[in-house]
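# Secondary and tertiary structure notes
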Amino acid sequence: MDAFEYRDGQLYCEQVNLDDLTRQTGTPLYVYSRRTFEDHYDRIARAFVDLDPIICYSIKSCGNVHLCKLLANRGAGMDVVSGGELYRAQRAGAVMNKVVYAGVGKTDREICDAIEARIGWFNIESEAEFENTASIARRMGATASAALRVNPDVDPKTHDKTTTGKKESKFGVDIERARRFFERYGRDPHLKLRGIHLHIGSPVYTVEPYVEAITRALALIDDLAEQGHRVDTLDIGGGFGADYESAQSPLAADYAAQLVPLLKPFHDAGGRIILEPGRSIAANAGALLTRVQYIKLGGRKKFVIVDTGMHHLVRPTLYDAFHFIWPTSVAPMHQPATRAPKLDMPGLETCDIVGPICETGDYLAKERSLPPVTRGDLLCVFSAGAYGMVMASNYNAMPRPAEVLIEGSKATLIRRAETYEDLVAPEAEATAL
Ligand SMILES: *Cc1c(COP(=O)(O)O)cnc(C)c1O
């Protein structure tokens, strides 16, 4: 599933021993495998090749410019949700006409910048946003393309906080409203409404919700054609599952086996397909390394207190997300064969793995079985590449960790650790207004 592997009880990322690496860099540390990152992209590209899609990597999942550059060099487009992400896409050298821009709250400045950059598509979420974007384009004397985000009202059966495609969601419009939307705005000369955008939620661990959503979108596209509105782009969004546990998700090929035949007629009739994968590329390409600070016994509970927590990886407490956590250096009998919540091995202890932040919600795992660990041991939080560093904060005035890219036996610092100076730099001067 990725390039993080135990050899003789020692954890490696590609050819780099992670204990050795952290002796050089310190902890906490985000580490990424170039091979995994690129492999996961290539698998999606191969699986969907018959549709010749634009694969727009979702920058919000893991946005380091050096990582985005790797995908831009492979021909990926980018899915952005803010002016800041557009800036990252530009810095990564992404081809701007392969950029899609989603988000319910785009500001005038963000819209201007995106029109100036000549991005591929605005993914429009409401009537008010369409009108504002069209009027900005008119004032600039520009034309831009738009896709309407449609809520197909399917339940992707994922966490409430990451479900986006049900009727009562702040994202997009429902199918009835989409017909009226095209009637009203479908002939705007400055913002050309030519696409339908779907994004039903994430992670979605089965193919059926996509099949259902796409089937509804294709029927809508046929109806719109009868009304005289040609839709030439269908963006099916992201949300494809990543393996947080071993073999938990369908492979790119399994999604494609059902989706390619479904979309092939649209493609063959000249339609453009867009995909927006994020986590399925980034999640398993990254891990968070952390050192055990203290062991604390409290009643029947054992707490393993580490030097990272919700401030660097918020998914466990925000989404009840599971991340496999294991020491980087273990006895042969404790070398894990899978990444499951419960492993059947002798001598494991049940503990909560918690951080230093002054919040009860500051944990990485609860009631988790671990080999015995002591102060100074290094732990690996696996599958932390997506929605890890991008959601990290400075709460409790904690500097954010460094990021390192591994390529074979080479390690490169692609973001330095923040310093205390960085924390107060924007406050250096107080200015009268
Ligand atoms: C978050 C998001 C994605 C990516 O989701 P993943 O689960 O990371 O694949 C794609 N499209 C849109 C519109 C999103 O908001």
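Our subject is the structure that appears above.
Throughout what follows, the structure given in this document is the object of discussion. (Residues numbered from 1 in each chain as written. Predicted model: local features only at pLDDT ≥ 70, side-chain atom pairs only at ≥ 80, totals over all residues. Heavy atoms only, no water.)

A few words now on the side chain of Ser 33. Position of Ser 33 relative to the elements: it lies in strand 4 (residues 29-33). Looking at Ser 33, the relative accessible area reads 0%, which means it is buried. Reaching out from Ser 33, the side chain makes a polar contact with the side chain of Glu 14 at a distance of 2.7 Å. Once you skip the residues sitting within four places of it in the chain, Ser 33 turns out to touch Ala 3, Phe 4, Cys 13, Glu 14, Ala 285, Leu 405 and Ile 406. (Helix = DSSP H or I, 4+ residues; strand = E, 2+ residues; numbered from the N terminus. Buried < 20%, exposed > 50% of the residue type's maximum accessible area, 1.4 Å probe, protein only. Polar contact = N/O pair within 3.5 Å; in protein donor to acceptor, adjacent residues only side chain to side chain. Contact = heavy atoms within 4.5 Å.)

To continue, consider the packing of helix 5 (residues 108-116) against helix 6 (residues 127-140). Between helix 5 and helix 6, the least distance of the axes is 10 Å, while the angle of their chain directions is 55 degrees. Relative to helix 6, the element helix 5 lies oblique. Judged by the twist between their axes, the crossing of helix 5 over helix 6 is right-handed. The residues of helix 6 that touch helix 5, namely those facing Asp 108, Ile 111, Cys 112, Ile 115 and Glu 116, are Asn 132, Thr 133, Ile 136, Ala 137 and Met 140. When the residues that make up the contact of helix 5 with helix 6 are grouped by side-chain class, the tally is six nonpolar, two polar and two charged. (Axes fitted to C-alpha atoms, helices over the stretch in contact; angles between N-to-C directions. Parallel < 35°, antiparallel > 145°, perpendicular 65-115°, else oblique. Left-handed = near helix turned anticlockwise from the far one by under 90°. Nonpolar A, V, L, I, M, F, W, Y, C, P; charged D, E, K, R; others polar.)

Turning our eyes to something else, we now look at the state of the cysteines. Inspection of every chain in the model, using the stated rule, returns zero disulfides. Cysteine Cys 62 shares no disulfide, and the gap to the nearest cysteine sulfur, in Cys 68, comes to 7.2 Å. When its relative accessible area of 2% is taken as the criterion, Cys 62 is described as buried. Here Cys 68 falls in the buried class, since its relative accessible area comes to 0%. (Disulfide = S-S within 2.5 Å.)

This next bit is on the side chain of Glu 110. In this fold, Glu 110 is placed in helix 5. In this structure, Glu 110 is buried with no salt-bridge partner, the nearest side chain bearing the opposite charge being Arg 109 at 8.0 Å. A polar side-chain atom of Glu 110 sits 3.4 Å from a polar atom in the side chain of Tyr 101. In this view, Glu 110 contacts Ser 82, Gly 83, Tyr 101 and Gly 105; residues no more than four positions away in its chain are not counted. (Lys, Arg positive; Asp, Glu negative; His and termini not counted. Salt bridge = Lys/Arg side-chain N within 4 Å of Asp/Glu carboxyl O.)

Another point: the environment of Ala 384. Here Ala 384 is to be found in the loop between strand 19 (378-381) and strand 20 (402-407). Classification of Ala 384 by relative accessible area gives buried; the value is 0%. Note: C-alpha distance between Ala 384 and Tyr 244 (140 residues apart in sequence) is 8.8 Å. Not counting the four nearest positions on each side in its chain, Ala 384 is found in contact with Tyr 30, Ala 283, Gly 286, Ala 287, Leu 288, Leu 313 and His 323.

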